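Observations on chain architecture
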Amino acid sequence: MPPRETARRSVLILHGIGAPERALEPGEARFWLSREEFCHLLDRVAAMGDRRPVLTFDDGNASDAKIALPELERRGLRAMFFILTDRIDRPGSVSAGDVRALARAGMTVGLHGAAHRDWRRLDAAGREAEFRQARARLEDLTGQPVTLAAAPFGLYDRRVASWLKREGFEALYTSDRGLASDADFLRCRNCVERDMTATDVERCLRGSPSPLRRLRGWAGRARRRLFPLRVA
């Protein structure tokens, strides 16, 4: 087996593209890019060559298959798609056939849970639904093991990481800004938002947040990774 890649790279989080086909959750609109913004970003990524960031998509929006997949293939790019299984076949989200198509195209399909819930607050029944049942659904659709997960809303703590490790997941992708390596279990990602400045986009592409964001990110990571959420 070849050694695992240890180079640290930026990982981008993308969400919906174009006009949403479902009702958005509060605050979600700022994560939707226009098709023009998305294609411009992909052109920039493709031009970076070996230094290009890893691309990830959260939620399983219909635009993953309708827009993202063909645009990625046009540029010879690959991406990871973290899908909410309760939304499969619902208006505005990917269909079961879309999930199969992503896998056939060589994209990685990962777990985002079932119902877009805060994983820190799950009880045993919740973990069964969000981790095991949702994972089984994706594996049944793709015919491939699902070994990567992305935390809904970027919310996680030490217990969540421990639960996923016990379930055999290889990595948990977060919303913590910075660089990540395939040797990490907790892998930072950089969220791309609508109407970002050119400087902000460049920071995402390189995984180099501003000094203030870096300080806040360090403090947030320390709290999430050391102190579990207290659940009443």
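All of the points below concern the structure found in this document.

A short note on the nonpolar core
Grouped together as the largest cluster of nonpolar side chains are 50 residues, with contacts concentrated most on Trp-119 and Leu-172. Formed by eight residues, the second largest nonpolar core is a distinct cluster that contains Val-11, Met-80, Ala-150 and Ala-171.

What to know about the environment of Asp-195
Among the structural elements, Asp-195 can be located in the loop between strand E9 (190-191) and helix H6 (198-206). In sequence terms Asp-195 and Arg-30 are 165 residues apart; their C-alpha atoms lie 8.1 Å from each other.

Here's the deal with unusual backbone geometry
Backbone geometry at Phe-153 places phi at a positive 65°, although glycine is not the residue there. Mapped onto the fold, Phe-153 is located in the loop between strand E5 (148-150) and helix H5 (158-166). Residue Phe-153 is classed as partly exposed on the basis of its relative accessible area, which comes to 44%. Of note in the backbone geometry, Asp-195 takes a positive phi value of approximately 65° without being a glycine.

Re the pairing of strand E1 (residues 9-14)
Here E1 lies mainly inside the structure; five of its six residues are buried. Here four bridges tie E1 to strand E2 (residues 54-59), and the two strands are oriented parallel to one another. Among the inter-strand pairings, Val-11 is bridged to a residue of E2, identified as Val-54. One crossover worth recording links E1 to the parallel E2 by way of helix H1 (residues 35-47), and it is right-handed. Relative to E9, E1 runs parallel, the two sharing two bridges.

Side note on the packing of helix H3 (residues 96-104) against helix H4 (residues 124-142)
Put simply, H3 and H4 touch, their axes get as near as 8 Å, and they point 65° apart. One element, H3, and the other, H4, form an angle in the roughly perpendicular class. By crossing handedness, the relation of H3 to H4 is classed as right-handed. Between H3 and H4, the residues in contact are Ala-96, Val-99, Arg-100 and Ala-103 and Arg-137, Leu-138, Leu-141 and Thr-142, respectively.

Notes on the packing of aromatic side chains
One pass over the full model with this rule turns up four aromatic pairs. Ring geometry for Trp-119 against Phe-131: centres 5.0 Å apart, planes inclined by 90°, an arrangement best described as edge-to-face. Taken together, the positions of Trp-119 in the loop between strand E4 (108-111) and H4 and Phe-131 in helix H4 put the pair twelve residues apart, joining distant regions of the chain. By the burial criterion, Trp-119 is buried, and Phe-131 matches it. Taken together, the ring pairs connect Phe-38, Phe-57 and Phe-81 into an aromatic cluster. Positioned over the ring face of Trp-163 is Arg-127, at 4.4 Å from the centre of the ring. Its end group placed over the ring of Phe-185, Lys-165 keeps NZ or CZ at 5.0 Å from the ring centre.

How each quantity is defined
Residues numbered from 1 in each chain as written. Predicted model: local features only at pLDDT ≥ 70, side-chain atom pairs only at ≥ 80, totals over all residues. Heavy atoms only, no water. Core = buried A, V, L, I, M, F, W, Y, C linked by side-chain atoms within 4.5 Å. Buried < 20%, exposed > 50% of the residue type's maximum accessible area, 1.4 Å probe, protein only. Helix = DSSP H or I, 4+ residues; strand = E, 2+ residues; numbered from the N terminus. Pairing = 2+ DSSP bridges. Right-handed = clockwise from strand over helix to strand, strands pointing away. Axes fitted to C-alpha atoms, helices over the stretch in contact; angles between N-to-C directions. Parallel < 35°, antiparallel > 145°, perpendicular 65-115°, else oblique. Left-handed = near helix turned anticlockwise from the far one by under 90°. Contact = heavy atoms within 4.5 Å. Phe/Tyr/Trp six-rings, centres within 6.5 Å; stacked < 30°, edge-to-face > 60°. Lys NZ or Arg CZ within 6 Å of the ring centre and 35° of its normal.

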